[in-house]
Amino acid sequence: MENERIQLLENVFCDVFENLAFMFGELVDKSDLMHNNMKHTLAQMRFDGDRTGEVILTVPDEMCPEIAANVLGIDPDDDQVYDLAGDALKEMLNIICGQLLTALEGSDPVFDLTVPKIQNIKIEDWNELLKRDESLAFIVDDYPVILYVKMDK
Amino acid sequence: MAYNILIVDDSAIVRAVIKKALTISGVDVGELFNAADGQQALEIVANEWVDLVFADINMPVMGGIEMVRRMSEDGLLTTIPVIVVSTEGSATRIEELKAQGVSDYLRKPFTPEQIREVVDKVMGENHGK
């Protein structure tokens with residue numbers, strides 16, 4: 001992936017986490033994320049328009065309630081953060097995807113976005129995703145996070 | 001004047017964020033209704049007094065655009081302003097939405113000040129209707 005594109009993805013990713021969830025991200029080498037034994041949740045959505053493609057975000061399971069608490073500005077021990085944890089991750093992906101498309105393609109093209117979906121991901125699949133060329137590795141508040149952006153055409 | 005507001009989004013956290021932003025912004029909210037999709041929203045606007053609707057575009061069952069289209073077919077419901085809240089940043093899409101009857105557009109993420117501004121603008125414009 002060329003440096004200019006990586007810089008742009010990094011900026012969008014870090015801005016969304018910082019502005020929405022008050023969490024601070026840093027682009028790191030993929031090797032920094034390997035060999036972790038955490039369970040991860042994957043959020044995925046597709047876009048279709050002048051270009052088609054897919055955006056994936058993976059975060060450790062335990063990070064999801066923290067995102068929800070930060071987005072809502074409520075105590076992390078509040079019961080509702082567990083109910084909203086999945087929704088919080090989907091929303092982070094949704095906003096990252098929308099911001100990325102404008103940053104990459106400008107404000108003229110119209111894209112149709114799918115509703116984000118989440119699922120658990122096996123550690124071997126997580127490692128495979130990390131190795132892909134379209135993946136970037138981040139550390140966000142000490143949590144390992146993968147952002148995968150693929151544009152088909 | 002307190003506004004009865006309907007928030008339509010399949011994401012519970014987005015509904016909570018809009019509610020919180022409205023509270024912080026100082027918008028005078030009367031009754032607050034929630035719907036998870038356009039179909040549920042149509043049932044609420046048919047049975048309750050709603051002054052203003054915030055709606056997502058992409059939702060299961062019925063999306064925000066189809067909801068606005070159905071509202072525009074009803075002489076009474078067509079007067080209720082709908083503000084679309086979405087992540088999309090396409091200027092072309094925003095113009096399309098307005099042509100389809102959407103009153104205004106709020107891009108996520110947004111601040112309480114921005115939500116106040118759009119409510120003031122839309123409800124000010126709507127006063128003459």
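All residue numbers refer to positions counted from 1 along the written sequence of the respective chain. To label them, take the chains in the order written and letter them from A, then take the ligands in the order written and number them from 1. Since the coordinates come from a predicted model, pLDDT governs what is reported: local features require at least 70, and pairs of side-chain atoms require 80 or more to be given and counted, while whole-chain, interface and lining totals use all residues.

### Brief notes about the overall build of chain B
A run of DSSP states H or I qualifies as a helix once it reaches four residues; a run of E qualifies as a strand once it reaches two. Both are numbered from the N-terminal end. Per the secondary structure count, chain B includes 5 helices and 5 strands. In sequence order, the secondary structure elements of chain B are arranged as β-α-β-α-β-α-β-α-β-α. In this description, a residue-residue contact is defined by the distance between C-beta atoms placed from the backbone, which must lie within 7 Å. Considering only contacts within chain B whose residues lie at least 6 apart along the sequence, 64% involve residues at least 24 apart.

### Overview of the confidence of the model for chain B
One rule of thumb: low pLDDT means the predicted coordinates there are not for detailed reading. Looking at chain B, the pLDDT average stands at 92 and 96% of residues meet or exceed 70. The ipTM value of the predicted complex is 0.80, and its pTM value is 0.88. On a range of 0 to 100, pLDDT expresses the predictor's confidence in each residue.

### A closer look at the interface of chain B and chain A
It is common to report an interface's size as the accessible area lost on association of the parts. Residue-level contacts link 19 residues of chain B with 22 residues of chain A. If you list the elements that add at least two residues to the side of chain B that touches chain A, you get helix H1 (12-25) and helix H4 (91-99) of chain B. It is H1 of chain B that contributes the most residues to the side of chain B that touches chain A, 6 residues altogether. Throughout this entry, Asp, Glu, Lys and Arg are counted as charged residues, while Ala, Val, Leu, Ile, Met, Phe, Trp, Tyr, Cys and Pro are counted as nonpolar. The remaining residues, Gly among them, count as polar. Considered class by class, the residues forming the side of chain B that touches chain A number 8 nonpolar, 6 polar and 5 charged.

### A look at the pairing of strand E3 (residues 53-60) of chain A
Residues and elements named next belong to chain A. Exposed residues have 12 or fewer other C-beta atoms within 10 Å of their own C-beta, buried residues have 20 or more, and residues in between are partly exposed; the C-beta atoms are placed from the backbone. Of all 8 residues in E3, 6 are buried; the element is thus mostly enclosed. The pairing criterion is simple: DSSP has to find at least two bridges between the two strands. Pairing between strand E2 (residues 40-48) and E3: 8 bridges, direction antiparallel. Bridging across to E3, Arg46 finds its partner in Glu54. Two strands pair when backbone bridges link them, and E3 and strand E7 (residues 143-151) are joined in this way by 6 bridges, in the antiparallel orientation. Its bridge partner being in E7, Leu57 is matched across the sheet by Leu147.

### Observations concerning the sheet that holds strand E3 (residues 52-55) of chain B
Residues and elements named next belong to chain B. Ordered in space as E2-E1-E3-E4-E5, the 5 strands form an open sheet in which the pairing is parallel. Bordering the open sheet on either side are strand E2 (29-35) and strand E5 (104-107), each of which pairs with just one other strand. Strand-to-strand twist of the sheet, defined as the mean angle between neighbouring strand axes without regard to direction, takes the value 20°. Bridging between E3 and strand E4 (residues 82-86) involves 3 bridges; their strand directions are parallel. Paired with Phe54 across the bridge in E4 is Ile83. Angles run from 0 to 180 degrees between N-to-C directions of axes, and those axes are lines fitted to C-alpha atoms, restricted for helices to the stretch in contact.

### Considerations on the packing of helix H2 (residues 63-72) of chain A against helix H4 (residues 85-105) of chain A
All names here are of chain A. Axis separation between H2 and H4 bottoms out at 8 Å; the angle between their running directions is 75°. As judged from the angle between their axes, H2 and H4 are roughly perpendicular. Within the contact between the two elements, H2 uses Cys64, Pro65, Ile67, Ala68 and Val71 and H4 uses Ala85, Gly86, Ala88, Leu89 and Met92. Classifying every residue of the contact of H2 with H4 by side-chain character gives 9 nonpolar, 1 polar and no charged. By definition in this entry, angles of less than 35 degrees are roughly parallel, angles greater than 145 are roughly antiparallel, angles of 65 to 115 are roughly perpendicular, and the rest are oblique.

### A few points about the nonpolar core
Here, a nonpolar core denotes buried Ala, Val, Leu, Ile, Met, Phe, Trp, Tyr and Cys residues that are linked to one another through C-beta atoms within 7 Å. Counting 77 residues, the largest nonpolar core has Ala68, Ala88, Leu89, Met92 and Ile96 of chain A together with Val53 of chain B as its most contacted members. Among the elements that line this core, the one with the most residues is H4 of chain A, at 10 residues.

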